[in-house]
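Below, each chain spelled out in residue letters.
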Amino acid sequence: MQYNHKEIEENWQKFWADNQTFKATNPAQSSDEGDADKPKYYVLDMFPYPSGAGLHVGHPLGYIASDIYARYKRHKGFNVLHPQGYDSFGLPAEQYAIQTGQHPAKTTEANITTYRKQLDKIGFSFDWSREVRTSDPVYYKWTQWIFIQLFNSWYNKDTDKAEDVSTLVSIFKKQGNATVNAVADAEIESFSSEAWKAFSKTEQEAILLQYRLSYLSDTEVNWCPVLGTVLANDEIVNGVSERGGHPVVRKKMTQWSMRISAYAQRLLDGLEKIDWPQPLKDSQTNWIGRSQGAMVSFDVDGGVSKGSTDIKLSYKELEALKELRLNLSKAEGILWDELKNKKGAAKFRKKYTIGAFLVDYVCLAKNTIVEFSGKEDEAARTAFFAKEGFNVVRFTNEEVTESVLKVVAKINNALQFPTVVKVEKAASTKKLAAYKIDVFTTRPDTIFGVSFMTLAPEHPLVSKIVTGAQKKAVNAYIKATAKRSERERMADVKTISGVFTGAYALHPFTGNKVQIWIGDYVLANYGTGAVMAVPCGDQRDYDFAKHFDIAIPNIFEGIDISEAAHTGKDGTKIANSDFLSGLKYKKALKLAIFEMEKRGFGYGKINYRLRDAVFSRQRYWGEPFPVYYKDGMPQMIDEKHLPIVLPEVEKYLPTEAGEPPLGRATTWAWDSRGKKVVSNEKLKNKTVYPLELNTMPGWAGSSWYFNRYMDASNETEFASKESLDYWKEVDLYIGGSEHATGHLLYARFWQKFLFDKGIVPVDEFAKKLINQGMILGTSAFVYRATPFIKSDCFTDHTSEATLNKLPVILVSKNLFTSDAEFEAIVKNEFLDKGFLTPDEADMIMIVKTAIHADVSLVNSSDELDIEAFKNQPINQDYKKATFILKDGTYFVGREVEKMSKSKYNVVNPDDIVEEYGADALRLFEMFLGPLEQAKPWKTSGISGVYSFLKKLWKLYVDENGVAVSKEKATKEELKILHKTIKKVAEDIENFSFNTSVSTFMIAVNELTALKCNKNEVLAPMLVLLSPYAPHITEELWSKLGNKESISTASFPIFDAKHLIESAKEYPISFNGKMRFTIELPLDLSKDEIEVAVLSDEKTIAQLAGAAPKKVIIVPGKIVNIVS
RNA sequence: GCUCAAGUGGCGGAAUUGGUAGACGCGCUGGAUUCAAAAUCCAGUUUUUUCGGAAGUGCGGGUUCGAUUCCCGCCUUGAGUACCA
């Protein structure tokens, strides 16, 4: 009986499908009590986008690894959830639809069918009953539902989580928005509760939109009017579209955005508790881009200079105050717990000095002091604070301990309606300084090095502060920069450009005048769109200052800045900086922020690079928004009317008016009375409204699918609470690293949001993640000779004719090692065959061109099938070509490249399965190398695992059928088995699948050598191998007489007693170099070993009479003799 | 520029509390079997050598009885990212 992979694999794949062998049971629905008792384990692959090209051998790599792990966990007694589905919304299907008019749903369906067939052939243990497709209305109903939840939420910084918008409304009703500490749009006008109640409904909605987690905003995008779509930055080259070269303008468009920035810190913190690859965590950390620094406000000069008269404290005094701050009384502690969470503008400090007084708490931004009453000098304090422009609120200890919430409410009220208005101080000095420039800096310690400021050309203040003389130059500059895309500006780092506005700002500490410039090295949408320039400490500022001849004051002690800025911070002392002089970075930083806060023009702040995510796409093939517009304001459709299904359109292009493709739909209006989508004609009716024309981006559906698998067919809920509580999170997630800052960041964001809302039980969706490496293709090349006339020999009449008579020549790879050799071979051929005269040969030069040959035409020895090559339609040029052969064969060159159709190096798994079987494919993909590493594919290597399978088969089956005996296994045979159990279990736990394949090979080789046919060894061996090669092991398992699938068998238990040895082949090294081995019993003592080794004749010979200086003996390991 | 990862035979790769470098497989060479081929089996395959050995894990140092493994400094390749203030 021969190993027939085709028959075996087909049979077992059918068996698994028919018996639903891998269907995972949720405890609630379980009739089988066995599964409910088992611990759960959730193994997930990143679901594929079903492209038209189908799978190549690189795609299943991760699936095979996860499948092995899933099967292993089943053997280990876990209830395993191992689902699969399709991320089936996407651009290629839409592009195809635009070109052919074919509905994307149709092509997607066809592609899915192909994918499924290909996947099934590899024998995965997926639970297909839980399949999801993001483009299926049954699924995207819940994507729309999540969108509504986001819309109905705002981010409360005080509780640090998302809350329902209704809580926000009730705060507005009671106290307006001054006390609200939210992550929201930048400039929201403040209003009182009375004002809120007086707003119209539309006005209220407009205000709420500024707080919602999914919100509409005017975002600047690259709009291409000709193509009628928004382009991504990388689709624009030199200001025109990459496709077609049409002009692109930057245009503000109303787009949906997601307030992911609210979760920046939690996304960062969460990384610490998940087991994800470090490089991936690093790139997320980078992407979030947290930087700690300060917000500083510079007044624009109105002509009055202002010196600082504030009382300063030495650093020592400040340190002493710090101590005080740490020791709080009970009441102080309670109140501080309430106040400390206030951030941004309402941030409180404790134990703070104002003038000569130490106050309990102060909010510097709002000029409000909170104190415990009963201090001796209360009258004097009140008077001084009032003079300085502070409001004071006082409480007794009792008030705080009895009801801290009442106290907080009073404080909130005081913050909002100050009794002392902060004008006195400002009036005298700042009357004319109407404008302020806020900047963010990570180096507030260098503030005394500021010699100018730079605003982004788009900064709103530019037009207000520019002086008459500079207006023309500034406007010209703004115009010029507006034409360039942001990417272009970023790419062009070398050119320094900028214009002086004519205006000056006042240095907040020194009162000195500093020039205000605009320059495109400052980006409008990072930070505040303005920087304080410290040329001595920042290279960009330095270059700018040099270029425009602006002063570069040096504030670093003993540092030479004549050539470049000094950007290092550790170890350098600050100089020429008033109270910061003599301090090092850390202390200077703290003190600078401290002083800024005290004087009220700055505060410590953390900035993130992470920007809110634009959520609208002007595309057809995506989830429609459950949104209609009433009086211009977006309205959510009630969840009971979901899904809102994608409408039919006759063309998948934008409309002539520039609307997205959904603008072509004729049935795309919301009947708010009938609660359904109706024809656009009904828009005349008062209760019918237009629906949103954008669709959601690709990442919408993939940001929560892992939760859906837990309860995939639930029609009434996102997923039932019981199933979410049972499966909780993905235990093992396998997929490519290209999703590091896309899918994996957005999915974490949504999971945290869903957690805040109490919908899911955990706030990180995947405990462990592994990035599988890419499988690269091994391209094959043929070498074509391209003749050119040498430039100095060029004459019109000869050249054309000479070149035209030359045939196409292809030279076999190992005939040449250099370009010169190649040229010589080709010229000789031309001369031999009489195509060229020697004179002509001197006139031309031959250039070698490597051309991709289809890898399917090349065998494992790199020999090209020339006839087949000539007959390929794409190779018509070579139909009559001359092939210069080596030993009668054309050898191709090889190079490792990314697997892609255009490189003709794609290997289809179907062909491999056909020839060698799925088990061989699975083993081989694992055998290639470590899972995480990129590695080249070479089909020839598969013969190794294929003959392994044949050898394995022969251990169990001979010509007459099963040949396994019930005899007792020998010690040696048991040792092989247990050695294998140990190694394979360790390898799987460590995801080191490549090494376990070689362990199997060793075991089979050894058992074959022993002619072992004992069931006692061979049966457990099958279970060990079954995660890797499930078909052949099922077959042999049933041949051994088992009725149940091998997947129900439990993993063999390792018993160390079989590995105990009595003797060891000791390596004997001299000065660390192993020279020979001596076999010694393992129970010898150190001394006995030394005697045995030193008396051995090989040792004596090696020492050649010299006495060993030292003998190192590690019993059971090694002997090292130092001589 | 910055961040991260990796450099071991002809090739993929193995070797972790520092202890026999090159497991396992491909490829190649020779042999057996065969009319022949496929398949299968056996032997060999890091380099060098005066056949005793000697050298050897990107390069240069260091720690150690002993380093592919730990430390310092470089080089190369790959990936990500960038006027981020």
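Residues numbered from 1 in each chain as written. Chains lettered and ligands numbered in written order. Predicted model: local features only at pLDDT ≥ 70, side-chain atom pairs only at ≥ 80, totals over all residues. Heavy atoms only, no water.

Asker: Honestly, the overall build of chain A in this entry has me stumped. Any pointers?
Answerer: When helices and strands are counted, chain A shows 39 helices and 41 strands. For chain A, buried positions account for 51% of its 1123 residues. The contacts of chain A with a sequence gap of at least 6 include a subset with a gap of at least 24, amounting to 71%. (Helix = DSSP H or I, 4+ residues; strand = E, 2+ residues; numbered from the N terminus. Buried < 20%, exposed > 50% of the residue type's maximum accessible area, 1.4 Å probe, protein only. Contact = heavy atoms within 4.5 Å.)

Asker: What is the right way to read helix 3 (residues 60–75) from this model?
Answerer: With 16 residues, helix 3 extends 22 Å from end C-alpha to end C-alpha; this agrees with the ideal 22 Å at 1.5 Å per step. Of all 16 residues that make up helix 3, 16 are buried, and the element is covered over most of its length. Backbone geometry just after helix 3 places G77 at a positive phi near 90 degrees. (Expected span 1.5 Å × (residues − 1).)

Asker: Would you mind going over the sheet that holds strand 3 (residues 153–156) with me for this structure?
Answerer: Through backbone hydrogen bonds, the strands of a sheet pair up, either in parallel or in antiparallel fashion. Spatially, the three strands line up as an open sheet ordered 4-3-5, and their pairing is antiparallel. On the outer flanks of this sheet lie strand 4 (161–164) and strand 5 (182–183), each paired with one strand and no other. For strand 3 and strand 5, the ladder comprises two bridges, and the chain directions are antiparallel. Bridge pairing in strand 5 places N156 opposite A182. (Pairing = 2+ DSSP bridges.)

Asker: In this structure, what is going on with unusual backbone geometry? I would like to understand it.
Answerer: Trans is the common state for peptide bonds, and a negative phi is the common state for residues other than glycine. Residue P643 is bonded to the preceding L642 through a cis peptide linkage, with omega at -5 degrees. Within the secondary structure layout, P643 lies in the loop between strand 24 (633–636) and strand 25 (669–671). The phi torsion at D549 lies on the positive side, around 60 degrees, for a residue other than glycine. With respect to the element layout, D549 can be found in the loop between helix 21 (539–548) and helix 22 (585–599).

Asker: What is the right way to read the pattern of salt bridges from this model?
Answerer: Counting across every chain of the model gives 39 salt bridges. Residue E823 is joined to K827 by a salt bridge in which the shortest nitrogen-to-oxygen separation is 3.7 Å. Separated by four residues within a single helix, E823 and K827 lie in helix 28 (residues 819–832), roughly one turn from each other. Classification of K827 as buried rests on a relative accessible area of 15%. For K979, the salt bridge goes to E1006, with nearest N and O atoms at 3.1 Å. Of this pair, K979 sits in helix 34 (residues 971–989) while E1006 is found in helix 35 (residues 993–1009), placing the two residues 27 residues apart along the sequence. K979 sits in the partly exposed class, given a relative accessible area of 36%. Overlapping salt bridges, with partners in common, bring together E109, R116, D120, E131 and R133 in one network. (Salt bridge = Lys/Arg side-chain N within 4 Å of Asp/Glu carboxyl O.)

Asker: Is there a simple way to think about helix 21 in this case?
Answerer: For an α-helix the count is 3.6 residues per turn, leaving residues at separations of three or four pointing the same way. Within the sequence span of helix 21, burial applies to D541, Y542, F544 and A545. Buried positions in helix 21, seen along its axis, are confined to an arc of 165 degrees and lie on one side of it. Here the buried face of helix 21 lies against strand 17 (452–455), strand 18 (498–506), strand 19 (513–519) and strand 20 (530–533). Of the residues one or two after helix 21, D549 is the one with positive phi, at around 60 degrees. (Arc of directions from axis to C-beta.)

Asker: Help me understand the confidence of the model for chain A, please; the structure alone is not making it clear to me.
Answerer: Keep in mind that low pLDDT regions are not for reading the predicted coordinates in detail. Taken residue by residue, chain A gives an average pLDDT of 84. The fraction at 70 or more is 90%. A low-confidence stretch, residues 303–320 (pLDDT under 50), is modelled with 25 contacts involving residues beyond four sequence positions or located in other chains. A low-confidence stretch, residues 422–433 stays under pLDDT 50, and its non-local contacts, those more than four residues away or across chains, total 13 contacts. (pLDDT = per-residue confidence, 0-100.)

Asker: Help me out: how do you make sense of a nonpolar patch on the surface in this one?
Answerer: Side chains of F788, M845 and V847 sit close together on the surface and give an oily, nonpolar patch of about 230 Å² of accessible area. The residue M845 is located in strand 32 (residues 844–853) in this model. (Patch = residues over 30% accessible without salt bridge, like charges linked within 9 Å, V, L, I, M, F, W, Y side chains within 5 Å. Areas by Shrake-Rupley, 256 points an atom, 1.4 Å probe, with all protein chains shown as cover.)

Asker: Any chance you could explain the sheet that holds strand 38 (residues 1063–1070) here in plain terms?
Answerer: Here we have four strands laid out as an open sheet, ordered 39-38-41-40, and mixed in their pairing. Here the strands that pair on one side only, and so sit at the sheet edges, are strand 39 (1073–1081) and strand 40 (1110–1114). Shown here is a sheet whose adjacent strand axes are inclined to one another by a mean of 20 degrees, direction ignored. In the packing of helix 38 (residues 1086–1094) onto the sheet, contacts are made with strand 38, strand 39, strand 40 and strand 41 (1118–1122), and the angle to strand 40 comes to roughly 125 degrees. (Axes fitted to C-alpha atoms, helices over the stretch in contact; angles between N-to-C directions.)

Asker: Hey, could you run me through the nonpolar core in this one?
Answerer: In globular proteins that are soluble, nonpolar side chains generally tend to be buried together. Among the nonpolar cores identified, the biggest contains 92 residues, and W256, F615, Y705, F718, Y733 and W750 are the most heavily contacted of them. Broken down by element, this core gets its largest block of residues, nine residues, from helix 6 (residues 137–151). A domain split of this core shows at least three residues from each of domain 1 (5–135 + 698–771) and domain 4 (647–694). Not counting residues up to four positions away in its chain, the partners in contact with F718 are W142, W145, I146, W704, N707, R708, L724, L754, I759 and V760. Membership of the second largest hydrophobic core comes to 87 residues, among which are Y956, A985, I988 and F1000. (Core = buried A, V, L, I, M, F, W, Y, C linked by side-chain atoms within 4.5 Å. Domains from an automatic or database assignment.)

Asker: Just checking my understanding: could you explain the packing of aromatic side chains for this structure?
Answerer: Scanning the model with the defined rule gives 70 aromatic pairs in all. With a centroid separation of 5.8 Å and an interplanar angle of 20 degrees, the aromatic rings of W256 and F625 are classed as stacked. With W256 in strand 10 (residues 249–258) and F625 in the loop between strand 22 (613–614) and strand 23 (627–630), the pair connects residues that are 369 residues apart, well separated along the chain. We classify W256 as buried; its relative accessible area is 0%. Ring geometry for Y733 versus F765: centroids 5.6 Å apart, planes at 75 degrees, classification edge-to-face. With Y733 in strand 28 (residues 730–735) and F765 in the loop between helix 26 (743–756) and strand 29 (766–771), this pair connects stretches of sequence that are 32 residues apart. (Phe/Tyr/Trp six-rings, centres within 6.5 Å; stacked < 30°, edge-to-face > 60°.)

Asker: Just checking my understanding: could you explain the packing of helix 3 against helix 32 (residues 918–927) for this structure?
Answerer: A pair of packed helices is characterised by two quantities: the angle between their axes and the separation of those axes. The geometry of helix 3 relative to helix 32 is characterised by a closest axis approach of 10 Å and an angle of 105 degrees between their N-to-C directions. Regarding the angle of helix 3 to helix 32, the classification is roughly perpendicular. Note on element contacts: helix 32 touches helix 3 through L921, R922, E925 and M926, opposite P60, L61, I64, A65, D67, I68 and R71. A per-class count over the contact of helix 3 with helix 32 returns seven nonpolar, no polar and four charged. (Parallel < 35°, antiparallel > 145°, perpendicular 65-115°, else oblique. Nonpolar A, V, L, I, M, F, W, Y, C, P; charged D, E, K, R; others polar.)

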